[in-house]
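Summary of structural features
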Amino acid sequence: MTDTTTKPARTSASAVAAANPRIIEAREHTVEIVSDSGEGAQKCGQIFGAVSAKMGNGVWTVEIIPAEIQPPARSVAGASGNRIRIGSGPVTNWGDEAHLVVAFNEQVVLGRHRLEALADDCVILIEDMWASHPDEAVRAAWTAAIEELSSKPYRVIRVPMEERCLTLVENARKGKNMFVLGMLSCIYGRDLQRVKDQIAHQFRKKSQELYEQNVGLMELGHAWAAENLDFRVNVPGMADTGEMVVMNGNEAIGMGCVASGMDLCSMYPITPATSVSHYLSEVFEKFGGMVHQAEDEIAAIGVAIGASYAGKTAFTVTSGPGLALKTEFIGLAIMAEIPLVIVNVQRGGPSTGLPTKVEQGDLLSALYAQPGDAPRVVIAPATIEECFHVVVTARRIAEAFRTPVIILTDANLATGVQPFARPKLDVRWHASPPDQSPVSAGKGPFEWDTRTGLSERFIPGQAGGMHTLTGLSHDEKSRVAYDAATHQRGCAMRSRKLAVLQQTLKTPEIHGDAAGDLLVVGWGSTKGAIEEAVDRARAEGLSVSSVHLRFLSPMEPGLGEMFRRFKKVFTVEINYSDDPSDPFITDENRRRGQLSWMLRAQTLVDVDCWTRVFGEPLRPGQILQAIHDRCPGATSGKGGAL
Amino acid sequence: MPRGHFGEGGCSVIPFASSLLDCVSCSTEDKHLGPADYGSSVPRWCPGCGDHSVLTAVQRLLADENLPPERTVFVSGIGCSSRLPHYLKTYGFHGIHGRALPIATGVKLHRPDLNVFAVMGDGDCCSIGAGHWIHAIRYNMDITVLLLDNCIYALTKDQTSPTTPQGYASNTQPKGSWLPPLNPLTVTLGVTNASFVAQTAEWVPSHLFETLKAARAHRGFSFVRILQRCPVFTPDIFQKAVRDPGQIELLVHDDGIPTAGLENLYKNRQAHDPRDLHGARRLAEFDGKFRLGLFFKDASAPRYEETRHLPVHTAQERMDLLDREFDRYAV
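None of the values given here were measured: they were computed from a predicted structure.

**Let's talk about the packing of helix α11 (residues 297–309) of chain A against helix α13 (residues 327–335) of chain A**
Residue and element names in this part refer to chain A.
- Contact geometry for α11 and α13: axes closest at 9 Å, N-to-C directions at 20 degrees. In terms of orientation, α11 lies roughly parallel with respect to α13. Of the two possible hands of crossing, α11 and α13 adopt the one that is right-handed. Listed contacts from α13 to I298, I301, G302 and I305 of α11 are F329, I330 and A333.

Put into structure tokens, the structure is as follows:
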């Protein structure tokens, strides 16, 4: 570590350095702002990300969230804040290590250090009030932390945040984040008018006085950085990005629900899905939609099923433990062929698991949790933009095929923020009004077209369509039937719908060449990181391609044929699999990644997997390392922690 | 005009769908249907089962109120009694065990124009579905709720239910039920926003019918516990009361359940004002007498579906609003 005790003083030497700062030219740069919970690091990061997006940078913002609302102050596990990765082109993931960290105390940055989240040449701007804190234990903790950080060649710069802020406000705890925003604005050359506009937007519900105070603090930070820091970072933006919007995946899901013409969001609070309903609770009624907070997860889906049965479009949103509770009702909706959209924002499992952290561990339970044969549609959006559009697709499939559709997103998409092209809205995305025309005599609600399994749905209010839906095995008229032929026929008809849907899907596009040494297969939020890793590997001359699956049930066509054009195929997933080198693990007993398990069954190709459950999004460097490990002729490059 | 026809109640929530419905000629509205017209297939309950009696009363109610079959929905859970919708010629939803009320909530929340009934057994409502029961009482939506209480799990063949009397033997508690039974009336009366609580018995058809009729007329969550014999597994639980009218006490009041014609048989009568919640809770405690009648009614209790007024937009209007919403997120 260099400059451990760098404390810029207004000596003539540093003033000269600050007056002629070194400009670091970068195609992309990753910043982290970490604090104790409640110190406003996330707001600071959001504003910085939004301003960067407005200045034409590609941006990916992700929240760093502790599991508790108020973890102990100054704790290693309590780091709360943002990572903002900005680039000169589109940014699709959170990257590898941070290049610059602003820390409100030494413990939170220590937490990031231990997670190997920081690049070796990372610049750490750290609040220095702790070094001279009256409490001896705090001073000791500071010294120990600085000592531990010195194991890496970071550049640590002490910043008198508290001291400077106190010149303007009485309580620096509320406002330090704006000082930090000012520093970052100076370092990255952000347009100050845009920064002020964004502060105004962020605090639009607050007073003018607070706005002015925040701008004052921001300018204070800017001035301090201009005076004291000897470097700047220049990440040029794109000239013309077209009309863009910026939001997180859960907001995109919420807006997708509105766009698809949903009438009801029936939910029960669960992290990290709840912010979908927070967003909808704020705006949905304006559109004529309703958020119903049910008494439990089971009732949440039950109410959605009741509303859908009655001719409304409804969805429920949950996370893994909630999906488990909804299992029996999903089976009923499949059996009684009730359209329904279920959004599962995945988190770490099993059980309560990692409530705020990302995992892709619910794929198999989304597909197979029900007793008996229960075919349903499962789709996984890969980007925040897709979180918006997937709901429209899901709602249409649910109604056209009279089936539940499960959308699998995850905590990475839920809290990640990325600009994307503003959608051109199309009124045809909305649901048609329910058909209420009378049903001709003798018609049943399950008169399956035996070629497709499709049948016409009657809803209450339709004269002549009276019938009783049931989860029991039933015939074309929904009469309870236990005979063998009827049950076999009903199962076949429900299954056939998936085959028909599959026939309408396209083979997914390959990223890279259509044949080669290695194919990486992914699904869900990992697309950006995988493709970045593949691009790096290809730049090294490796014969690597990737493909990303959106439909997990039914699966897109042509996969087996595609896989056979590569010497080796492996999935990259955020779920658990046994490491082949672990004790007792053999090729026979190895428990594999969930997608690879499915692909092996589906294609009879020996699909390998590389999976991790660190509770954080995958880093492109880690994936690149996994590619190197599997790619003939690769020289082992720099990877991430494995 | 019977309740549930358009132009009344929650149609403001979905006038679009309502007006759409109104333009469709409803085949049944202009003719009067008899009880048999509401019947579907032949019930497959055991001979002597109280479910038959309830089905008959329900058919009579539907005919008496002239409810259009296509605008009437019976939601049920799982159990002998939950087969009831299959035997009616209305819309029905025979769901999963314990979950009739969430489904009924979803139907009523978005289609207040429909006449919604929920049919449950004692295991369904008071055991596996107890959580929903508590909250549905509080939601107080306009749903007529029939608890067919035979004090036993019958479809699965003789297991103790929450309402099985203490000491009563079953396949799962062969030495007799360990604990005193749960009292569905006191539980319901204990929940905030309860608005209609009545008890009747399947072997007193006129009282059963009048109770269902009063429940149906009440705007809110009308909870009716129907004491019911299972001829196979609990033939004797209510048999003494069937044979000895002295064990029955009728709650009487001008606003209560009409008891005309029952005077000669049931001489025990207890005046009770259904506005008196405290009195209702006291009378609902079981002290050896089976009390039939209206325990509590509060027409002023807020209804969840009424609190959720939503604007109505065309698809284009919604899309225009959404486009403006995107402005907030514009880069």
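**Some remarks on the nonpolar core**
- Grouped together as the largest cluster of nonpolar side chains are 92 residues, with contacts concentrated most on V521(A), L552(A), F563(A), L595(A), L599(A) and F93(B).
- Per-element accounting of this core gives the leading share, seven residues, to α11(A).
- Once residues within four sequence positions are removed from consideration, F563(A) is found in contact with L519(A), V521(A), V547(A), V569(A), L599(A), T603(A), V605(A) and V607(A).
- Residues I397(A), A398(A), A414(A) and W429(A) belong to the second largest nonpolar core, which totals 56 residues.

**So, unusual backbone geometry**
- Of note, the bond from T271(A) into P272(A) is cis; its omega dihedral lies within 30 degrees of zero at 0 degrees.
- Along the chain, P272(A) falls in the loop between β11 (264–267) and α10 (274–283).

**Some words on the interface of chain B and chain A**
- Of the residues lining the interface, 56 residues belong to chain B; the matching set on chain A comes to 76 residues.
- For the pair chain B and chain A, the two sides together bury roughly 5800 Å², of which 65% comes from carbon and sulfur.
- Taken as a group, Y91(B), R318(B) and V331(B) account for 14% of the area that chain B buries against chain A, more than any other trio of residues on that side.
- Remark: the boundary between chain B and chain A carries five salt bridges.
- In this structure, the salt-bridge partner of E285(A) is R308(B), at a minimum N-O distance of 3.1 Å.
- Our enumeration of links across chain B and chain A arrives at 27 residue pairs in polar contact (both at pLDDT 80 or more).
- Counting only elements with at least two residues in the side of chain B that touches chain A, the list comes to α1 (15–23), β2 (91–94), α3 (100–110), α5 (130–139) and α11 (315–327) of chain B.

**Re the domain arrangement of chain A**
All names here are of chain A.
- Parsing chain A into structural domains produces domain 1 (2–241), domain 2 (246–428) and domain 3 (510–630).
- Just the C-alpha atoms count here: the centres of domain 2 and domain 3 sit 26 Å apart.
- Taken together, the contact between domain 2 and domain 3 spans 25 residues of the former and 23 residues of the latter.
- Buried surface at the junction of domain 2 and domain 3, summed over both partners, amounts to about 2000 Å²; 62% is from carbon and sulfur atoms.
- Area buried by domain 2 at its contact with domain 3 is led by Q360, L363 and L364, which between them contribute 31% of it.
- At the junction of domain 2 and domain 3, the tally comes to one salt bridge.
- Measuring nitrogen to oxygen at the nearest pair gives 2.6 Å for the salt bridge that ties E386 to R550.
- At the boundary of domain 2 and domain 3, one finds 13 residue pairs in polar contact (both at pLDDT 80 or more).

Cut-off values and rules
- Positions within a chain are numbered from 1, following the residues in the order the chain's sequence is written.
- Written order determines the labels here, with chains lettered from A and ligands numbered from 1.
- Given that this is a predicted model, residues contribute local features only at a pLDDT of at least 70 and side-chain atom pairs are listed and counted only at 80 or more, while totals for whole chains, interfaces and linings are drawn from all residues.
- To get the side-chain values, take all heavy atoms of the structure and skip hydrogens and water.
- Between N-to-C directions, angles cover 0 to 180 degrees, with each direction set by a line fitted to C-alpha atoms, over the stretch in contact for helices.
- Numbering of helices and strands runs from the N terminus; a helix is a DSSP stretch of H or I covering at least four residues, while a strand is a stretch of E covering at least two.
- In this scheme, roughly parallel covers angles under 35 degrees and roughly antiparallel covers those over 145, while 65 to 115 is roughly perpendicular and the rest are oblique.
- Two helices crossing with the near one rotated counterclockwise from the far one by less than a right angle form a left-handed crossing, whereas a clockwise rotation gives a right-handed crossing.
- We call two residues contacting when some pair of their heavy atoms lies within 4.5 Å.
- Only buried residues count toward a nonpolar core, which is a set of Ala, Val, Leu, Ile, Met, Phe, Trp, Tyr and Cys residues joined through side-chain atoms within 4.5 Å.
- Burial classes follow relative accessibility: with a 1.4 Å probe on protein chains only, a residue under 20% of its type's maximum area counts as buried, one over 50% as exposed, and anything between as partly exposed.
- The term buried area means the drop in 1.4 Å probe accessible area that two parts suffer when joined, counted for both and summed.
- Counted as salt bridges are all cases of a side-chain nitrogen of Lys or Arg within 4 Å of a carboxyl oxygen of Asp or Glu.
- Definition of a polar contact: a pair of N or O atoms within 3.5 Å, with one able to donate and the other able to accept a hydrogen when the atoms are protein atoms, and with sequence-neighbouring residues admitted only if both atoms are side-chain atoms.
- As annotated, the domain borders come from an automatic or database domain assignment.

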